[in-house]
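Structural overview for review
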Amino acid sequence: MTQGVAPAFSAIMSERYGNQQEQAPTGHRASKFSVRNLSLWYGHKQALFDISLEVPERSVMALIGPSGCGKSTFLSTLNRMIDFVEGVRREGTILLDGVDVNRRDCDLVHLRRRVGTVFQKSNPFPKSIFENVVYGPRVAGLNDRAKLAQICERSLTRAALWNEVKDRLDESALALSGGQAQRLCIARALATDPEVLLLDEPASALDPASTSRIEDLIFELKVNYTIVIVTHNMQQAARVSDQTAFFFEGRLVESGPTNEIYTRPKIKQTEDYITGRFG
């Protein structure tokens with residue numbers, strides 16, 4: 001492995017976590033998702049080629065690779081958000097806790113409660129902060145104000161936003177800053193009690209301070225949630241993830257523990273991408 005990557009990775013981890021930089025090993029953990037031989041087409045154009053990947057439970061998996069390599073497409077297959085795209089066809093198996101999400105009798109509403117998504121651009125609804133957070137439970141039929149208030153406080157607390165907005169829950173969510181709005185969207189996703197969070201470049205449009213808050217939040221949430229994050233930021237992937245998967249032109253080139261991918265990649269193409277030689 002090139003001498004430049006290992007010291008850079010160690011510096012990132014030391015700066016971010018200090019003496020607590022050692023992360024819990026994920027190799028022995030059960031897989032939350034098991035993806036096997038997944039291929040996908042948009043019409044006649046193939047976008048994913050025979051992807052097989054294990055996502056350990058209660059960990060952070062970073063998907064890296066250049067634009068257009070299939071990261072976001074792969075992410076959207078995990079809770080079948082890809083179904084909203086016309087003309088999509090797929091082959092292969094995606095198991096969530098051992099059950100195929102592509103089976104015909106899959107309850108998609110239930111699946112998307114278990115596997116929430118936060119997109120690149122924050123998208124608060126034109127409603128109050130409170131109503132944004134409890135939107136999912138309301139849609140599910142919960143109207144008890146006291147229970148909704150508990151869900152709101154719990155979700156905003158988990159998203160590290162409660163102390164900033166607890167005195168203005170009835171104000172419009174559209175007045176929040178970019179970083180606050182993104183954390184609100186995370187709180188909204190958490191309100192349905194998901195098991196998995198899919199984050200599609202959640203900090204790409206944020207300033208450095210807000211990005212840091214989101215990264216801290218991801219690190220905290222993985223204690224209870226499985227997180228899959230798409231990011232173009234190599235340093236961010238190194239800081240927040242336990243596992244990294246490198247995609248290129250619709251193919252999974254290499255995956256494994258983040259410290260190994262960054263310091264001892266097995267594939268030369270992975271090393272070239274991480275060190276900035278292409279992409």
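So, here's what we can say about the structure. If you're wondering where the values come from, they're calculated on a predicted model, not measured in any experiment.

**Description of the sheet that holds strand β2 (residues 45-56)**
If you walk across this open sheet you meet the four strands as β2-β1-β4-β5, and the pairing is antiparallel. Either end of the sheet is taken by a strand with one partner, and the two such strands are β2 and β5 (99-100). Bridging between strand β4 (residues 88-96) and β5 involves two bridges; their strand directions are antiparallel. Across the sheet, L95 pairs through a bridge with D100, a residue of β5.

**Here's the deal with the packing of helix α8 (residues 178-190) against helix α9 (residues 208-221)**
Where α8 contacts α9, the two axes come as close as 9 Å, and the packing angle between them is 20°. It follows from the interaxial angle that α8 and α9 lie roughly parallel. Crossing hand, α8 versus α9: right-handed. In this structure, α8 contributes G179, Q182, R183, I186 and L190 to the contact, and α9 contributes S210, R213, I214, L217 and L221. Considering only residue class, the contact of α8 with α9 consists of five nonpolar, three polar and two charged.

**Quick notes on α9**
With 14 residues, α9 should reach 20 Å at 1.5 Å per residue; the first-to-last C-alpha distance of 20 Å fits that figure. Of all the residues in α9, the buried ones are S210, T211, I214, E215, L217, I218 and L221. One side of α9 holds all its buried residues, which, seen down the axis, span an arc of 160°. Exposed side chains of α9 directed beyond 90 degrees from the buried face belong to P208 and A209. A side-chain oxygen of the first residue of α9 lies 3.0 Å from the backbone nitrogen of A209; this N-cap is D207.

About the criteria used
Residues numbered from 1 in each chain as written. Predicted model: local features only at pLDDT ≥ 70, side-chain atom pairs only at ≥ 80, totals over all residues. Heavy atoms only, no water. Pairing = 2+ DSSP bridges. Helix = DSSP H or I, 4+ residues; strand = E, 2+ residues; numbered from the N terminus. Axes fitted to C-alpha atoms, helices over the stretch in contact; angles between N-to-C directions. Parallel < 35°, antiparallel > 145°, perpendicular 65-115°, else oblique. Left-handed = near helix turned anticlockwise from the far one by under 90°. Contact = heavy atoms within 4.5 Å. Nonpolar A, V, L, I, M, F, W, Y, C, P; charged D, E, K, R; others polar. Expected span 1.5 Å × (residues − 1). Buried < 20%, exposed > 50% of the residue type's maximum accessible area, 1.4 Å probe, protein only. Arc of directions from axis to C-beta. Polar contact = N/O pair within 3.5 Å; in protein donor to acceptor, adjacent residues only side chain to side chain.

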